[in-house]
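The primary structure of each chain is shown beneath.
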Amino acid sequence: MVDFGPVITPPGQYTHCVDRKDYCDVPSPLQVGVPSTLKFLLCEYLLGGKLVCLSGGGDQCAIGTVAGLEAVGAGKEGLDALDNDFSFNLLLAPFQVQDFVGYLPLSHPDTNIVEPHRVRDDAVKHGPLGYLMVDSPNPQPLPRPVDQSGAPGWPDDKSQPKGKATWPVDGYGVLWHYASYHLHDKGQEGDNLHKLYDQPSGGAKWAAPPGPDTGWWVPLPVLHCECEGSRIFFVCQAMDPFLDLMQGKVPGSSGPSPGEVCHATAHKLPWPLNVVVNAVCTIAEDLIGLAVAAALAPVIAAAFGAAWEAAQAFDDLFITGPVAKQIHVGDVVLVQGRWDWDAGHSGHTELHPVKAIVKLTTPPQVLPPEIRPGTADYDPTSGNGISPADRAAIRATHERWCRLLAESPPPPDPRQGGGLSPAQVASMTPGQLAVWAAQNRPENSWTTHPLLDGCAPDGPSPGLH
């Protein structure tokens, strides 16, 4: 049986997700005032409003090979760097990287990149864990993602033209280069699939796909996994009192702002009076917000900058920094996290936030027989090599490993002297409580060796698993 490394528990968990029927785009400046728009964007949309729950806000688990890394800040400039998550992309078991050589050679002389949606669709159709890359069964459709709606637009960024994503779920693809009959990692940043063949133009922020002179490339279909940084949360906390003042509210007070009351009243009026009153509400809120922002500009700028820098230092030391040092391309891992659909791009499923990672002690890019039991080649183009018996065995292993990982208690809270906080204990499942209780039995509290500093149990011990 394959050996497992320690459980890595990324501590950054700052976001929430919303039901698909409750999803809202960031409003335009014509709908509400700038202060309200800023507060919704910073403290709601970026902290989870763009994440649609795919399993009722619950977790899912995935097994596979790390096929690409996205370092903190990769591809981000200016305010985009507010999102300082560390991400990795997972090629789901039982496929291994070299299985995808079968998509080559390419017959069309003007094409050097395998069509990414074809590869993704094959992996979903023929892979036992492919369901993690598409929408969960639900009669309620997913909302339109940014790529299709042009939202959120200002102030997060300029409005985006409608892209070529296969809405509602497009996905991620990480390019690997073909040479010497093998696929090789060249560190090509993974990104939404449509960006692999949409030529960048104007203010587009992604690099052009590798040209024909670079040889053949295969976009590996992957599940995106995000270990959350704290910057959005820290900046929201720092800016929230000022945004309240800009809305005409006492900082920290509950209830609607004067602008929100005004807009709610306008919506009850008949057309065209509602349009006129709504515009007046927006102008009034913006005038108040502008006056407060001008008066407090130095304080606001100082608070924003301090929160920005403090969050990065905190994350580098305690949150994403330690996690990023332990994850490498080629690692075979078991990953647990909340299963979401991210509308902030072209629409893709992901584990966000990642809550636990276990590295398997196998050679790089090699899956153990428990999760790749067959002896034949696993051909993603047709599913050959994955017999019904193998498929059932893979699913059974996946369910068993994921159930045991879900029973792992949360990491100790450093503020509790190495123990768990009351809130952590209250949030644990019955399975986690049972494991935690077993871990704390006297006979399991040895440090050096059970024969040296251990003790015998008073009665039959349930043991650990």
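All residue numbers refer to positions counted from 1 along the written sequence of the respective chain. Under the rules for a predicted model, residues below a pLDDT of 70 receive no local features and side-chain atom pairs below 80 are neither given nor counted, while totals for whole chains, interfaces and linings still include all residues. Each side-chain value is derived from all of the structure's non-hydrogen atoms; neither hydrogens nor water enter the calculation.

(A) A look at the packing of aromatic side chains. Pairing of aromatic side chains requires ring centres within 6.5 Å, counting the rings of Phe and Tyr and the six-membered ring of Trp. Pairs whose planes differ by under 30 degrees are stacked, by over 60 edge-to-face, and all others tilted. Following the criterion strictly, the structure yields twelve aromatic pairs and no others. Taking 6.1 Å as the distance between ring centres and 10° as the angle between the ring planes, the aromatic pair formed by phenylalanine 100 and tyrosine 103 counts as stacked. Residue phenylalanine 100 shares its accessibility class with tyrosine 103, and that shared class is buried. Cluster of aromatic residues (ring-pair linked, three or more members): Tyr14, Phe233, Phe234, Phe314 and Phe318. Charge-over-ring placement is defined geometrically: NZ (Lys) or CZ (Arg) within 6 Å of the ring centre, and within 35 degrees of the ring normal. Across the ring face of tyrosine 378, the terminal group of arginine 372 is positioned such that the distance to the ring centre comes to 4.3 Å. Any residue under 20% of the maximum accessible area for its type is buried, any over 50% is exposed, and the rest in between are partly exposed; the area is computed with a 1.4 Å probe on protein chains only.

(B) Just a nonpolar patch on the surface, in detail. Within this analysis, patches are made of residues with over 30% relative accessible area and no salt bridge. Like charges are joined at 9 Å or less; nonpolar side chains (Val, Leu, Ile, Met, Phe, Trp, Tyr) at 5 Å or less. Only the protein chains shown count as covering a residue, and every accessible area follows the Shrake-Rupley method with a 1.4 Å probe. The term salt bridge refers to a pairing of a side-chain nitrogen on Lys or Arg with a carboxyl oxygen on Asp or Glu at a separation within 4 Å. A contiguous nonpolar patch, built from Leu273, Val276 and Val280 and spanning about 260 Å² of accessible area, is present on the exposed surface. The residue leucine 273 is located in helix α6 (residues 273-295) in this model. Secondary structure elements follow DSSP: runs of H or I no shorter than four residues count as helices, runs of E no shorter than two count as strands, and numbering proceeds from the N terminus.

(C) Here's a closer look at helix α2 (residues 116-126). When we look at burial in α2, the residues that qualify are Pro116, His117, Val119, Arg120, Asp122, Ala123 and His126. Only heavy atoms matter for contacts: two residues are in contact if any of them lie within 4.5 Å across the pair. In this structure, the buried residues of α2 make contact with β8 (217-227) and α9 (388-406). Pairs of N or O atoms within 3.5 Å make up the polar contacts considered here, provided that, within protein, one atom can donate a hydrogen while the other can accept it, and that residues adjacent in sequence are counted only when both atoms are side-chain atoms. Capping the start of α2, glutamate 115 holds a side-chain oxygen 2.9 Å from the backbone nitrogen of histidine 117, two or three residues further along.

(D) The arrangement of the state of the cysteines in detail. Criterion for a disulfide: a pair of cysteine sulfur atoms at a distance within 2.5 Å. Under the definition given, this model contains four disulfides. Residue pairing for cysteine 43: its cysteine sulfur links by disulfide to cysteine 236, the two sulfurs lying 2.1 Å apart. Its S-S torsion of about 120° marks the bond between cysteine 43 and cysteine 236 as right-handed, since a negative value means left-handed. Here the residue cysteine 43 occupies a position in helix α1 (residues 34-49), and cysteine 236 occupies one in helix α4 (residues 231-246), the gap between them amounting to 193 residues. The residue that forms a disulfide with cysteine 61 is cysteine 402, at a sulfur-sulfur distance of 2.1 Å. Judged by the sign of its S-S torsion, about -75°, the cystine formed by cysteine 61 and cysteine 402 is left-handed. Of the two residues, cysteine 61 sits in strand β3 (residues 59-70) while cysteine 402 sits in helix α9, which places them 341 residues apart along the sequence. Among the residues examined, cysteine 402 registers a relative accessible area of 12% and is labelled buried. If one numbers only the bonded cysteines of the protein, in the order they occur, the disulfide pattern is 1-3, 2-5, 4-8, 6-7. Here cysteine 225 is not cross-linked by a disulfide; its sulfur's nearest cysteine counterpart is in cysteine 227, at 7.7 Å. Among the residues examined, cysteine 227 registers a relative accessible area of 1% and is labelled buried.

(E) The arrangement of the pairing of strand β9 (residues 332-342) in detail. Counting buried residues in β9 gives eleven out of eleven residues, a clear majority hidden from the surface. Sheet topology note: the strand β2 (residues 51-53)/β9 ladder contains three bridges and is antiparallel. Bridge pairing in β9 links cysteine 53 to aspartate 340. Bridging between β3 and β9 involves seven bridges; their strand directions are antiparallel. For two strands to count as paired, DSSP must find a minimum of two bridges between them.

(F) Layout of empty space enclosed by the protein. Cavities and pockets were defined on a 1 Å grid built over protein atoms only: a cavity is a set of grid points that admits a 1.4 Å probe from which the probe cannot escape, a pocket is an open set flanked by protein on both sides within 12 Å along at least five of seven lines, and lining residues are those with an atom within 4 Å of any such point. Grid points are joined across faces, edges and corners, and a volume is the space filled by probe spheres set on the points. The full count for this structure, using the stated rule, is two cavities of 30 Å³ or more. Considered as a void within the structure, the largest cavity measures approximately 50 Å³ in volume. Among the secondary structure elements, those contributing two or more residues to the lining of the largest cavity are β8 and β10 (348-360). The element that contributes the greatest number of residues to the lining of the largest cavity is β8, accounting for three residues. Considering only enclosed or pocket space, the second largest cavity measures out at about 50 Å³ in volume. Together, Leu91, Leu92, Ala93, Phe95, Ala123, Gly127, Leu129, Gly130, Met133 and Pro221 line the second largest cavity. Across the lining of the second largest cavity, the residue classes break down as eight nonpolar, two polar and no charged. Ten residues, namely Ala, Val, Leu, Ile, Met, Phe, Trp, Tyr, Cys and Pro, are considered nonpolar, four, namely Asp, Glu, Lys and Arg, are considered charged, and the remaining ones, Gly among them, are considered polar.

(G) Examining the pattern of salt bridges more closely. Across all of its chains, the model carries eleven salt bridges by this definition. One salt bridge connects aspartate 244 with lysine 39, and the closest N-O pair in it is separated by 2.5 Å. Linking aspartate 244 in helix α4 with lysine 39 in helix α1, this pair joins segments that are 205 residues apart in sequence. Take aspartate 244 and lysine 39: they sit in the same class, and that class is buried. A salt bridge links aspartate 342 to lysine 50; the shortest N-O distance between them is 3.0 Å. You can see aspartate 342 sitting in strand β9 and its partner lysine 50 sitting in the loop between α1 and β2, a full 292 residues away along the chain. The pair aspartate 342 / lysine 50 is uniform in exposure class, with both members buried. Shared partners join several salt bridges into a network, and the residues in it are Asp19, Lys21 and Asp22.

(H) Quick look at the confidence of the model for the protein. Every residue carries a pLDDT, the predictor's confidence in it, which falls somewhere between 0 and 100. Scored by pLDDT, the protein has a mean of 85; 86% of the residues are at 70 or more. Note on residues 153-160: pLDDT is under 50 here. Beyond four places in sequence and across chains, it has 16 contacts.

(I) Here's a closer look at α4. In this scheme, a helix's expected span is set at 1.5 Å multiplied by one less than its residue total. Between its terminal C-alpha atoms α4 stretches 22 Å, which fits the 22 Å expected from 16 residues at 1.5 Å a residue. The term bend refers to the angle at a residue between two fitted axes, each drawn through seven residues, those ending there and those starting there. Most pronounced at methionine 239, the bend in α4 amounts to some 40°, and the proline proline 241 follows within four residues. Within α4, burial applies to Arg231, Ile232, Val235, Cys236, Ala238, Met239, Phe242, Leu243, Asp244 and Met246. A positive phi of about 85° marks glycine 248, the residue just after α4.

(J) Just unusual backbone geometry, in detail. Here leucine 104 and proline 105 are connected by a cis peptide whose omega angle stands at 5°. Within the secondary structure, proline 105 sits in the loop between β4 (86-92) and α2. With omega at 5°, the peptide bond leading from histidine 352 into proline 353 counts as cis. Position of proline 353 among the secondary structure elements: in strand β10.

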